[in-house]
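Inside the fold
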Amino acid sequence: MTGNGTGDTEALREEIRRTRVELGETMEALAAKADVKARLKESAEQAKERMREQAAQTVARVRGQAARGAGRARAQAYEKGELVRAQAYDKGEMVRRNPVPWAAIAAGAVATVVVLMIVRGRRR
């Protein structure tokens, strides 16, 4: 101990100051816990942020799937187009090689149209 007692007084004042600071921090923490409205608002903000992140991930996933699906559809359409072109070419070659059956079918169709026109004309 010191002879004049100033060391003990200063130590006590310093301890009182630290205690006040700690008490102030404790009171702020308690006040924050007691503020239900602020806690609910913070919780709602966190939930909104999580939902935004999930929505962004879902949109990205759906766009990726759509792009892959569109690519597959394009490839299938191209393949089908090539198949139809090849079949049309084959049919055209068949008609060029043997036009008689196709000419008979066309003549039959023309005759059917003419007969229908005559029958309708008699009804009037």
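Look up: the structure comes first, before these words.
Structural notes, computed from the coordinates. These figures come from a predicted structure and were not determined experimentally. Position numbers for residues count from 1 along each chain, tracking the sequence in the order it is written. Local features in this predicted model are restricted to residues whose pLDDT is 70 or higher, and side-chain atom pairs enter the listing and the counts only when it is 80 or higher, whereas totals over whole chains, interfaces and linings include all residues. Values shown for side chains rest on all heavy atoms present in the structure; no hydrogens or waters enter the calculation.

1. Examining the overall build of the protein chain
Put simply, the test is: Counting from the N terminus, the helices are the DSSP runs of H or I reaching at least four residues and the strands are the DSSP runs of E reaching at least two. Atoms counted for the radius of gyration: C-alpha only. Globule rule: 2.2 Å times residue count to the power 0.38. Relative accessibility under 20% of the residue-type maximum defines a buried residue, over 50% an exposed one, and the middle range a partly exposed one, all with a 1.4 Å probe and only protein chains included. The protein chains shown are the only cover counted for residues, whose accessible areas, like all others here, come from Shrake-Rupley with a 1.4 Å probe.
The helix and strand inventory of the protein chain stands at three helices and zero strands. Counting from the amino terminus, the protein chain carries its helices and strands in the arrangement α-α-α. Taking 2.2 N^0.38 as the reference for a compact globule, 124 residues should give roughly 14 Å; the C-alpha atoms of the protein chain span a radius of gyration of 46 Å, well beyond that estimate. By its C-alpha atoms, the protein chain is 140 × 45 × 10 Å across when sized along the principal axes. Counting across all 124 residues of the protein chain, residues that qualify as buried make up 1%. As displayed, the protein chain offers around 11,400 Å² of accessible surface, 60% of which is attributable to carbon and sulfur atoms.

2. Quick notes on the pattern of salt bridges
Cut-off, in case you're wondering: Every case where a carboxyl oxygen of Asp or Glu lies within 4 Å of a side-chain nitrogen of Lys or Arg is listed as a salt bridge.
Tallied over the full model, the rule gives six salt bridges. In this structure, the salt-bridge partner of Glu 45 is Lys 48, at a minimum N-O distance of 3.4 Å. With Glu 45 and Lys 48 both in helix H2 (residues 36-97) and three residues apart, this pair spans about one turn of that helix. For Glu 45, a relative accessible area of 39% puts it in the partly exposed group. Classification of Lys 48 by relative accessible area gives partly exposed; the value is 41%. Of the charged contacts in the structure, one is a salt bridge between Glu 49 and Arg 52, with a shortest N-O distance of 3.5 Å. Here Glu 49 pairs with Arg 52, and both are found in helix H2, just three residues apart, close to one helical turn. Overlapping salt bridges, with partners in common, bring together Glu 14, Arg 17 and Arg 18 in one network.

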